[in-house]
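A look at the structure
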Amino acid sequence: MISLNNKHILLGVSGSIAAYKSAELVRRLKDAGADVRVALTKGGAEFITPLTFQALSGNPVHTNLLDTEAEAAMGHIALARWADAILVAPASANFIARLAQGRADDLLGAICLATDSTIAIAPAMNQQMWANTATQENLQQLRQRGILQFGPGEGDQACGETGPGRMLEANQLAAHTANIFETGLLSGRTVLLIAGPTQEAIDPVRYLSNHSSGKMGYAIAQAAAEAGAKVILISGPTALATPPRVERINVRSAQQMFDTVMQHVANSDIFISTAAVADYRPINIAQQKIKKTKDTLTLELQRNPDILAAVAALKNAPFTVGFAAETESLEQHAQEKLERKGVDMIAANLVGEGIAFEADENALLVLTAENKQQLATASKFMLGRQLINIIAKQHHI
Ligand code: CTP
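All residue numbers refer to position in the chain's written sequence, counted from 1. Owing to the predicted nature of the model, reporting of local features is limited to residues with pLDDT of at least 70; listing and counting of side-chain atom pairs is limited to 80 or more, with chain, interface and lining totals taken over all residues. Only heavy atoms go into the side-chain values, all of them from the structure, while hydrogens and water stay out.

Glancing now at helix 15 (residues 380–396). Taking 1.5 Å as the rise per residue, helix 15 with 17 residues should run 24 Å; its terminal C-alpha atoms sit 24 Å apart, in good agreement. Of all the positions in helix 15, only K380, L383, G384, R385, L387, I388, I390, I391, A392, Q394 and H395 are classed as buried. Buried positions along helix 15 lie against helix 11 (215–226), strand 13 (270–273), strand 16 (319–326), strand 17 (345–350), strand 18 (361–367) and strand 19 (372–379). Helix and strand labels come from DSSP, where a helix needs a run of H or I of at least four residues and a strand needs a run of E of at least two; each type is numbered from the N terminus. An expected span of 1.5 Å times one less than the residue number is assigned to each helix. Only protein chains enter the accessibility calculation, which uses a 1.4 Å probe. A residue is then buried if its area is under 20% of the maximum for its type, exposed if over 50%, and partly exposed in between. The contact definition used throughout considers only heavy atoms, calling two residues in contact when any of these lie within 4.5 Å.

Any residue with a heavy atom lying within 4 Å of a molecule or strand is counted as near it. Neighbouring residues of the ligand: 15 residues in total, closest S273, A275, F323, K337 and K341. Any pair of nitrogen or oxygen atoms within 3.5 Å is treated as a polar contact; in protein, a donor-acceptor pairing is required on top of that, and neighbouring residues in sequence qualify only through side-chain atoms on both sides. Here an oxygen atom of the ligand and a side-chain polar atom of D279 are 3.1 Å apart. Backbone polar atom of I307 to a nitrogen atom of the ligand: 3.0 Å apart, as the coordinates give it. Note on areas: Shrake-Rupley, 1.4 Å probe, and residue coverage restricted to the protein chains presented here. Considered on its own, the ligand offers 570 Å² of accessible surface; in the complex 78% of this is hidden by protein. Mapped by element, the contributors of at least two residues to the shell around the ligand are helix 13 (307–312), strand 16 and helix 14 (330–341). Broken down by element, the shell around the ligand gets its largest block of residues, four residues, from strand 16. Three residue categories are used. Nonpolar comprises Ala, Val, Leu, Ile, Met, Phe, Trp, Tyr, Cys and Pro, charged comprises Asp, Glu, Lys and Arg, and polar comprises the others, including Gly. Grouping the amino acids of the shell around the ligand by side-chain chemistry returns eight nonpolar, two polar and five charged.

As a further point, take the domain arrangement of the protein chain. Looking at the protein chain, the domain boundaries give domain 1 (8–179) and domain 2 (190–396). By convention here, the domain bounds are inherited from an automatic or database domain assignment. Measuring from the centre of the C-alpha atoms in domain 1 to the corresponding centre in domain 2 gives 40 Å.

When the charged atoms of two side chains lie near each other, side chains of opposite charge can form a pair. Only one rule defines a salt bridge in this text: a Lys or Arg side-chain nitrogen within 4 Å of an Asp or Glu carboxyl oxygen. Within the structure shown, the criterion is met by 17 salt bridges. The residue K21 makes a salt bridge to E169 at a minimum N-O spacing of 3.2 Å. In this pair, K21 sits in helix 1 (residues 19–31) while E169 sits in the loop between strand 7 (162–166) and helix 10 (170–180), placing the two residues 148 residues apart along the sequence. Accessibility expressed as a relative area gives 11% for K21, which makes it buried. Residue E169 is classed as partly exposed on the basis of its relative accessible area of 33%. Across the pair R28 and D31 runs a salt bridge, and its minimum N-O distance is 2.8 Å. Of this pair, R28 and D31 both sit in helix 1, three residues apart, which is roughly one turn of the helix. Residues joined by salt bridges that share partners form a network here, namely R98, R103, D105 and D106.

Another point: the environment of A241. Relative to the helices and strands, A241 resides in the loop between strand 11 (230–235) and strand 12 (246–250). With relative accessibility at 65%, the residue A241 sits in the exposed group. Spatially, the C-alpha atom of A241 lies 8.6 Å from that of Y218, the residues being 23 residues apart in sequence. If near-sequence neighbours (up to four positions away) are discounted, A241 is found in contact with Y218 and R248.

See below:
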C-alpha cells in the first residue's frame, strides 16, 4: 500500500488527451491519503472540465493567474507554498517547453517558479513530438534542474500511432509520487519517539495533564518512517491516527512512559522526546472518587523521572533529541536545557495561548553544541521532515 498520508499534492493538468486519466489520478492520490488541489491550464481545460476535478478532489480548482477573487482566496504564491510536491500530469510538449523557459504567464507556470517543493512531470504526447530534439533538450534542462520525470510509457497512442509518449497509468503515477517522500535517509535505523501529554491520576476519574495534542511528535514519527527508519512511537493519550508503518505503544502516566522507553531504548539509534511529560504526579492516588467535603483541597505532588535526561545519561545512549517548550527567552532556555540534560540536540518552540500546542503549524529553533538553525513557521508535517533531515545529517557525522 502506498502512502501519501497528510501530503499536499498540487496536480497540474495541461493540454493533452491524457487529461482524462488525471481524473482517475486524483482518486488514487486521495486514496493514498493526500489532500489534492488541481491547477488546470487553458489547454487542459479544453480536454476536461474544472467541475470534474472539483468533484473528485473536494477542493476548488485553480485556473487563472490574474483573477483577483481567486488570488485573494488562494493565490499562486500560497499554492506554491501549500504544495509538498507538484505533479504535472499530463505534461504536454508545450507545457514542458514553457517550464524549461521559466515562463510565468499562466497560473501553473507561476506556481512552478514560485515553489521550492519537488516538481515532477508525467509527459504525454505524440511519439514524434516526444522524439523531437527540441522536446528532448527541454527535458534534459528540466532534469538538470532537479525536476523529476515519470514516464512516458510506450504503446498505442490516441493519434493512432505507436511509440513512446503515453502518459503512465494513474496507479503508477501515484506510486512514483509517494516515492518522492521516501528519502531512505534513515534506512536501517531505529527511531524511538515519545509524544503527546501524560495523565497523572488523582483518583479513579480525575487526572493532571496538559494541552499537548501530540501533533508535532506524530508528524516527526511519520517523517522518520518515510525516511526508512523503523519507528516506535510511545504515546500518551491523543486523538490522532497512527501514521503508516509506525509501531505505536499507548501509555498514560509519565512513569509508564519512562518504563516503556527503558524497555526499548537499547535497540534504538535515535531517541526523540516530543512528549509533554508531566513534571509531577500526585503522591497518593485515591482509591475512590474524592468527595467535595472541604472548601480547599491540597494535593501533594512528587517529581516524575525526567525521561530525556535519563536516556541521555545511559552508557550507550542513542542520539538524543529533546524539545523545549518555552513561553519566553527561547534560545537562552533551550541552550540551558541542551547542557543540563546532556542531549545532542534541542528543538525549541514558543508555547502559549493559540501557539504550538493545538495548532497545525509551528516554528522551531534547532540547537546543537556546535550550531543553531531556525526553521520558519510551517505545517508540523513540513517541520517534521526538515527536522528528520537535520537529525539524519548529524547522526551520520
Ligand atoms: N521531558 C522528559 N521527562 C520529563 C520532563 C520533560 O523527558 N519528566 C522532556 C520533554 O519531552 C522535552 C524536554 O524534556 O523533550 C524538555 O521539556 P520541558 O517541559 O520544556 O522542560 P522541563 O524539563 O520540564 O524543564 P523546565 O521545567 O525547566 O521547563
